[in-house]
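Chain by chain, the residues:
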Amino acid sequence: MKLFQKILFPLLIVVFLGSCKEESQQQVSEFTGNKIVYSLFQATTDYNVKGTVSFNEKVDGSTAVLVEVSGTEGDNYHPLHLHFGPIDGDGDIAALLTPIHGASGRSETDLNLLSDGTVLSYNDLLAMEASIKVHLSGIGDDAKIVLAGGNVGSAIDKSTSNDRVIKITVCKSN
């Protein structure tokens, strides 16, 4: 019994704690580590809203889209769209993203399909000529007001901004 108390019991404790540590180290991330961040620029002098959009590749090939803006407040939700084409074009909506909550200035969306049902991978998104637009509202005349936006994917080379207010067209209505 003394052999158990002096040698085997402490050895069992070490083995048990070591196995717990190995198990926690083996947790698998849902992300591949591929990530790109784009700027979102102020779109109107009436609202000082700007921020970033991050595309994080998930292991299944889809994209976690995180939008963070400053200049929004309250309990309002601001519609957020991925559009075909550059920010100053009149591209159709490619995908509806989770609206930005005014108080937090954040939106998180898992994106793997376009609005027409086309599968969209992280690599497809990076190759796509597209833009992001943040709207004041989803209804009425305020839906025509774009607070912030920016080019993403292959449209980034068509950027027309130097961190000032940029020209952005309103969204096409269906």
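Keep in mind it's a predicted model, so treat the numbers as computed, not measured.

Cut-offs applied
- Residues numbered from 1 in each chain as written.
- Predicted model: local features only at pLDDT ≥ 70, side-chain atom pairs only at ≥ 80, totals over all residues.
- Heavy atoms only, no water.
- Helix = DSSP H or I, 4+ residues; strand = E, 2+ residues; numbered from the N terminus.
- Buried < 20%, exposed > 50% of the residue type's maximum accessible area, 1.4 Å probe, protein only.
- Contact = heavy atoms within 4.5 Å.
- Areas by Shrake-Rupley, 256 points an atom, 1.4 Å probe, with all protein chains shown as cover.
- Core = buried A, V, L, I, M, F, W, Y, C linked by side-chain atoms within 4.5 Å.

A. Representation of the overall build of the protein in the model. The helix and strand tally for the protein stands at two helices and eight strands. Within the protein, the fraction of its 174 residues that count as buried is 40%. In the protein, the proportion of contacts linking residues at least 24 apart, taken out of those at least 6 apart, comes to 58%. In the structure as shown, the protein presents an accessible area of about 10300 Å², 53% of it carried by carbon and sulfur atoms.

B. Structural view of the side chain of threonine 63. Relative to the assigned elements, threonine 63 resides in strand S3 (residues 63-70). Sequence-distant contacts of threonine 63, defined by excluding residues within four places in its chain, comprise Phe55, Asn56, Lys58, Thr109, Asp110, Leu111, Ser121, Tyr122 and Leu125.

C. Summary view of the nonpolar core. Counting 27 residues, the largest nonpolar core has Val53 and Leu82 as the members making the most contacts within it. Those elements giving two or more residues to this core turn out to be strand S1 (31-42), strand S2 (50-58), S3, strand S4 (77-84), strand S5 (93-101), helix H2 (122-127), strand S7 (129-135) and strand S8 (146-153). Considering every element that reaches this core, the biggest residue donor is S5, with four residues. Beyond its immediate sequence surroundings of up to four residues, valine 53 is in contact with Ile36, Val37, Tyr38, Leu40, Val65, Leu66, Val67, Ile132 and Val152.

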